[in-house]
Amino acid sequence: MTTEVVPCPRCNGTKFMYRGYQEKTEHGRRAMYPYALPCYCELNRIISKQFGMLSQVPVATPEDSEKIHARYHSNGKNKGNYIFLGEESLFFYVVKCYFLNGITHKNYLILEGVNIVDKYNTVKPDGSRLTVGALDQYDMLAILFTSKGEPPTLKACVAEVLKNRQRLGKATWIYAPSKERLESCREISGDSKPYLDDYSTVQLKLDNTFNGYTLDVSDKQKMKSIRKIQDDLGSLGASL
Ligand SMILES: [Zn+2]
């Protein structure tokens, strides 16, 4: 990774891209106003700050983001539900690219299965029982089925999340390092399996060519140490 500060080639360091003029009403006057949108460099910064897991993967490029949205968008047949298998850092890059499109106005979240229990398993307003309904709000939710611990409610919570999201037709991505690891993961149970039947499985490969994705050995080592720190922090997680 480069340490010298080179201004972003697209915005020349201004962090914004001017997109022409837009008709707006300000103080009761209608007129054409110049408007700007955050540049992808700034969006990458926002994503990395908000999601610690995605901070160490390369900068998501608009080209890769477009490619990934075209490839994994939801359509009539597929509700945008995928199971990704393969290199974890490549999955993180794909998620970062997906988040790049819409991060300013959509709700996205990536978390590990066990975090559903840690952070989102709350009592319903009427006090009746635990619910993970707070996760319904996310337009896209990426869950890593890589939990090492297994709180007693993990399997039930995951099943509820998958059920709710299927009912709402909201895109959900699942990640596991391999098919074997998916089958032996702590998140899946008989209750959640039927929901996963409709998911498309994607084997991530390093030869899937994404412009922005490069990974050298030192980055791989960094990823490993980051994962370790995240594991050590456990439920402390990354607060926003
Ligand atoms: Zn820029």
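Draft legend 1. Molecular detail of the overall build of the protein. Scanning the protein from N- to C-terminus turns up eight helices and nine strands. For the protein, the residues scored as buried account for 42% of the 240 residues in total. In the protein, 75% of the contacts between residues at least 6 apart in sequence involve partners at least 24 apart. If you sum the accessible surface of the protein, you get close to 13500 Å²; carbon and sulfur atoms cover 52% of it.

Draft legend 2. Focus on the coordination of the zinc ion. Every protein donor of the zinc ion is accounted for by Cys-8 (SG), Cys-11 (SG), Cys-39 (SG) and Cys-41 (SG), and the metal-donor separations fall at 2.2 to 2.4 Å. Around the zinc ion, the four donor atoms sit at angles spanning 103 to 112°, and that spread fits a shape best called tetrahedral. Each donor residue of the zinc ion belongs to the same chain, with the gaps between them written as C-x2-C-x27-C-x1-C. With Cys-11 in the segment before strand 1 (16-26) and Cys-39 in the loop between strand 2 (29-38) and helix 1 (40-50), this residue pair connects regions lying 28 residues apart in the sequence. Relative accessible area serves as the criterion here: at 5%, Cys-11 is assigned to the buried category.

Draft legend 3. Up close: helix 3 (residues 88-100). If you check helix 3, its first and last C-alpha atoms are 18 Å apart, about what 13 residues at 1.5 Å a residue would give, namely 18 Å. Burial runs high along helix 3: 13 of the 13 residues are buried.

Draft legend 4. Inspection of the nonpolar core at higher detail. Within the largest apolar cluster, 64 residues are counted, with the highest numbers of intra-cluster contacts made by Phe-84, Phe-91, Phe-99, Ile-110 and Trp-173. With 10 residues, the single largest contributor to this core is helix 3.

Draft legend 5. Inspection of the pairing of strand 3 (residues 82-85) at higher detail. Judged by which residues are buried, strand 3 turns out to be covered on both faces: Tyr-82 and Phe-84 on one side and Ile-83 and Leu-85 on the other are all buried. Both strand 3 and strand 8 (residues 171-176) contribute to a ladder of four bridges, which runs parallel. Counted as the bridge partner of Phe-84 is Tyr-175 from strand 8. As defined by bridge partners, strand 3 adjoins strand 9 (residues 200-203) across four bridges and the pair is classed as parallel. Along strand 9, the bridge assignment pairs Phe-84 with Val-202.

Draft legend 6. The packing of aromatic side chains, seen in detail. The final tally for this structure, using the stated rule, is 15 aromatic pairs. Judged by centre distance (6.4 Å) and plane angle (90°), the ring pair of Tyr-82 and Trp-173 falls under edge-to-face. One end of the pair, Tyr-82, is in strand 3; the other, Trp-173, is in strand 8, with 91 residues separating them in the sequence. Owing to a relative accessible area of 7%, Tyr-82 belongs among the buried residues under this scheme. On the numbers, 5.4 Å between centres and 50° between planes, the contact of Phe-84 with Phe-91 is tilted. For the pair Phe-84 and Phe-91, a shared accessibility class is recorded, and that class is buried. In textbook terms, an aromatic cluster arises when at least three aromatic residues are bridged by ring pairs, as seen for Phe-51, Tyr-72, Tyr-82, Phe-84, Phe-91, Phe-92, Tyr-98, Phe-99, Tyr-108, Trp-173 and Tyr-175.

Draft legend 7. The side chain of Thr-172, seen in detail. The residue Thr-172 is located in strand 8 in this model. We classify Thr-172 as buried; its relative accessible area is 1%. When near neighbours in sequence (up to four residues on either side) are disregarded, Thr-172 contacts Gly-80, Asn-81, Tyr-82, Leu-141, Ile-143, Leu-162, Arg-165 and Tyr-199.

Draft legend 8. Structural detail: the pattern of salt bridges. All chains considered together, the criterion is met by eight salt bridges. For Glu-26, the salt bridge is made with Lys-24, and the minimal N-O distance between the two is 3.3 Å. You can call Glu-26 partly exposed: its relative accessible area is 31%. Lys-179 is the partner of Glu-183 in a salt bridge, and the nearest nitrogen-oxygen pair spans 3.1 Å. Linking Glu-183 with Lys-179, this pair stays in helix 6 (residues 179-183), spanning four residues, or about one helical turn. This pair shows no difference in class: Glu-183 is exposed, exactly as Lys-179 is.

Scoring rules and cut-offs
- Residues numbered from 1 in each chain as written.
- Predicted model: local features only at pLDDT ≥ 70, side-chain atom pairs only at ≥ 80, totals over all residues.
- Heavy atoms only, no water.
- Helix = DSSP H or I, 4+ residues; strand = E, 2+ residues; numbered from the N terminus.
- Buried < 20%, exposed > 50% of the residue type's maximum accessible area, 1.4 Å probe, protein only.
- Contact = heavy atoms within 4.5 Å.
- Areas by Shrake-Rupley, 256 points an atom, 1.4 Å probe, with all protein chains shown as cover.
- Donors = N, O, S within 2.8 Å, 3.2 Å for Na, K, Ca; no water.
- Tetrahedral: all angles 85-135°; square planar, octahedral: opposite > 155°, others 65-115°.
- Expected span 1.5 Å × (residues − 1).
- Core = buried A, V, L, I, M, F, W, Y, C linked by side-chain atoms within 4.5 Å.
- Pairing = 2+ DSSP bridges.
- Phe/Tyr/Trp six-rings, centres within 6.5 Å; stacked < 30°, edge-to-face > 60°.
- Salt bridge = Lys/Arg side-chain N within 4 Å of Asp/Glu carboxyl O.

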